[in-house]
Number of protein chains: 2
Amino acid sequence: MKLTILGCHSATPRTHTHPTAQVLELRGSHFLIDCGEGTQVQLRRSKIKFTRVQQVFISHLHGDHYFGLIGLISTFQLLGRRTPLTIYAPKGLKEVISLQLRLGNSWPQFELNFVELSSKESSLIYEDDTVSVYTIPLDHRIYTNGFLFKEKPGPRKLDPKAAAAANIDTAYFRKLKMGKDVPNRDGVLIDHTKVTLDPDPVRSYAYCSDTAFAPEIVPLIQNVDALYHESTFLQEHEHLCEATKHSTAKQAATIAKMAGVGRLILGHYSTRYEDLSAFQAEAQAIFAAVELAEDLKEFSW
Amino acid sequence: MKLTILGCHSATPRTHTHPTAQVLELRGSHFLIDCGEGTQVQLRRSKIKFTRVQQVFISHLHGDHYFGLIGLISTFQLLGRRTPLTIYAPKGLKEVISLQLRLGNSWPQFELNFVELSSKESSLIYEDDTVSVYTIPLDHRIYTNGFLFKEKPGPRKLDPKAAAAANIDTAYFRKLKMGKDVPNRDGVLIDHTKVTLDPDPVRSYAYCSDTAFAPEIVPLIQNVDALYHESTFLQEHEHLCEATKHSTAKQAATIAKMAGVGRLILGHYSTRYEDLSAFQAEAQAIFAAVELAEDLKEFSW
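The sections below set out a description of the structure shown in this document. (Residues numbered from 1 in each chain as written. Chains lettered and ligands numbered in written order. Predicted model: local features only at pLDDT ≥ 70, side-chain atom pairs only at ≥ 80, totals over all residues.)

Each partner contributes residues to the interface: chain B has 30 residues there, and chain A has 30 residues. Mapped onto the side of chain B that touches chain A, the elements with two or more residues apiece are helix H1 (39–46), helix H2 (69–78) and helix H3 (93–103) of chain B. (Contact = placed C-beta atoms within 7 Å. Helix = DSSP H or I, 4+ residues; strand = E, 2+ residues; numbered from the N terminus.)

See below:
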C-alpha cells in the first residue's frame, strides 16, 4: 500500500497548506479519500494519473473534506474522461453535486455514481478482487465515517524449482497459485503447498478523520498496518476538543496503542500551530511509531 | 479604480494558473468579481483584507467562475467575520450555497445575502454613494452577465485660497464641496463654483466574461475607462467560438474599438496556449491599448 498525502491541514486552504485529501494505492487501484478545495491541483503535483482514480471516499460534509470534489469532477469532464467514477459519501453530497452540474448545464459524459451513506454501524461499502472497504463510524459534529481498507490475500507464490522437480507442466502453474492441487506429467496429484509459498501477508489501512477521542473504534481497527488519525490539537488545547469534536495528538496515540497498529500517521493540524514537531513528540510519549503527515509526502508499507 | 487579477485562466485550476476572480477597488470599497476554485488563497496572496470584500458579483454558474465561493464563505465564518456579505449571482447559486451550509450544519454568524439575477436586460443591481453597478447581458452557453461599474461624481474640491479670500467660515466648507452656495462672514452669498473646483472625472470599468462576440453590448460599455473582455482563443481557433460561446483576442479588440474604451484587458485564456503574447499582438492589430491580465497583476486608472 502506498499513501500519498495531498493535504493534511484542517479548516482553510492557505498558500502552502492544503485541506484534507489523500490517495491510497493498492495493486494498481487508486482510492481518493476526502477532497478539500484545491485537491485537483495537488493531484496534478503528485503526478497520479487522473483516470486512475475511480473510487472516492468522503468522510463527512464539512467543506475542508469535500469542497474540491465538484471542481475535480468538472476537470475530469473537460479532459474527456470516459472512466466511471463512484463516490461514497454521506447522504446529501449527491444532491449538491447534481445541482451544481445541472446549473452548469454540464452533466459528465462519464458514468458518475453515488453511494450514499447513512448507517451508523460499520459496514462493507466497497469490494473488488484486491480490497474490501468498511466504514468506521466516528464521533464528530456531523455524520462522519472513517474508512478501513483491508487487502484480500493475493495468489500463492510459485516455487519454480520445486514445481520443476515435481515435473508439473507450466499450464498448471496458474491453478497452483490459486491454491489447487494438480496432476504432474506422470499423472500424480501434487499437493499445491509443496510447490508454492504463502502469499504476501495482507496489508491494511485505517483513515480516521475527523473525530473526537473514540475508543469504540478500536475493535474495528485492531492491528491495522497503518492508522491515519486526526490530531487537530495538542494536549494544551484539549479543552477545545469537546465542542469541536476533534482529537489531540495524545488521544490519537492512545487509540493507536489500544489498537496495536503498526504505525500512526498524524494529520488535520489546526492552523494555530507553526511547528508541527510538537505533535510527534506528544504522541511518541504514548506510542513509538508516529509519523507526521505532510502535503505530498508518501508512506508505503 | 484599482483592479487586482486573482485568476484569469479558463477551465481548470493548475499549479501556476488560476481560474477567474478579480477585485475592483474604488474609494475604499472592494468588489469581488467571480470566484473560481482557489480564490481564497489568491485573495490571501493579494494581501486584500477579507473583511473589505462585502459585495460579490458572479457572472455565471460554470465552475471556473464560482466553485471557490463556498470555501471563501466558510473561511470568512471560521475567521469570525461579522461584516455582512452580499452575493449578486444568477438564480440557483443561493440554493447551492444554502444546501452546502445546511449539510455542514454551519450557517454563518455574519449576514449573508443573495440577490438572484435572472433578467436578460441590463439593469442596475447595486448602488452606494460612490458607484452604480449594472449587468451587461452576455452571450454564453448558460445565463451570463458581465458587470459595469460606474463611479458617481465625488465631492467638488475646495480651493482653500479662494475660500479664505472670500472670507468663508470653515464650517461651510462641507456644504461648498456638496455644490451649495453659502454666506460668508459678511453675510454675502458666495457662488460655490467661485471657491471650489470640479470633482475628479468619474471612472468606469466593464467586466465581460464569458461571452461570444456580442456587438450588442457596445452601447452599454461605450467609453468605459477599462474593459476586461475574455479572449479564450486566438483567431486561428475561431471555429471553436461558436460551440463554446467564447471570443478570440481579435473579437475582444473589435468590441473595444467599437465601444471606444480607454484600455482593453484580455483574459480567460484557454489552457492550450503556452505563450500569451500572441493574444496581445492579435488584439493590437485592431486596437492599440491592450494589456494582458496575469494572476496577481494590478491595473489602476
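Now, onward.
A pair of packed helices is captured by two measures, namely the crossing angle of their axes and the spacing between those axes. Residue and element names in this part refer to chain A. Between helix H9 (residues 249–259) and helix H10 (residues 277–284), the shortest axis-to-axis distance is 8 Å and the interhelical angle comes to 45 degrees. Overall, the two elements H9 and H10 adopt an arrangement that is oblique. At the point where H9 passes H10, the crossing takes the right-handed sense. Contact with H9, carried on its side by Ala 249, Lys 250, Ala 252 and Ala 253, involves Phe 279, Glu 282 and Ala 283 of H10 and no other residues of that element. Counted by class, the contact of H9 with H10 contains five nonpolar, no polar and two charged residues. (Axes fitted to C-alpha atoms, helices over the stretch in contact; angles between N-to-C directions. Parallel < 35°, antiparallel > 145°, perpendicular 65-115°, else oblique. Left-handed = near helix turned anticlockwise from the far one by under 90°. Nonpolar A, V, L, I, M, F, W, Y, C, P; charged D, E, K, R; others polar.)

Take the environment of Leu79(B) next. Among the structural elements, Leu79(B) can be located in the loop between H2 and strand S5 (85–90). Along the sequence, Leu79(B) and Phe50(B) sit 29 residues apart, while their C-alpha atoms lie 9.5 Å from each other.

Turning to the sheet that holds strand S14 (residues 204–208) of chain A, a few remarks are in order. Sheet strands line up and pair through hydrogen bonds in the backbone, either parallel or antiparallel. Residue and element names in this part refer to chain A. Taken in spatial order, the seven strands of this open sheet run S7-S8-S9-S14-S15-S16-S17, and their pairing is mixed. A single partner strand is all that each edge strand has here, and the edge strands are strand S7 (124–127) and strand S17 (290–292). Neighbour to neighbour, the strand axes of the sheet diverge by 20 degrees on average, direction disregarded. Taken together, the four bridges between S14 and strand S15 (residues 226–230) define a ladder with parallel strand orientation. Within S15, the residue paired with Tyr 207 across the bridge is Tyr 228. Those strands touched by H10 are strand S16 (263–267) and S17, and its axis lies near 165 degrees from that of S17. (Pairing = 2+ DSSP bridges.)

On to the environment of Pro84(B), then. All names here are of chain B. Here Pro 84 shows up in the loop between H2 and S5. Looking at Pro 84, the number of C-beta atoms within 10 Å reads 12, which means it is exposed. A C-alpha to C-alpha distance of 7.7 Å links Pro 84 and Asn 113, two positions 29 residues apart in sequence. When neighbours within four sequence positions are excluded, Pro 84 is seen to be in contact with Gln 54, Phe 110, Glu 111 and Asn 113. (Buried ≥ 20, exposed ≤ 12 C-beta atoms within 10 Å, placed from the backbone.)

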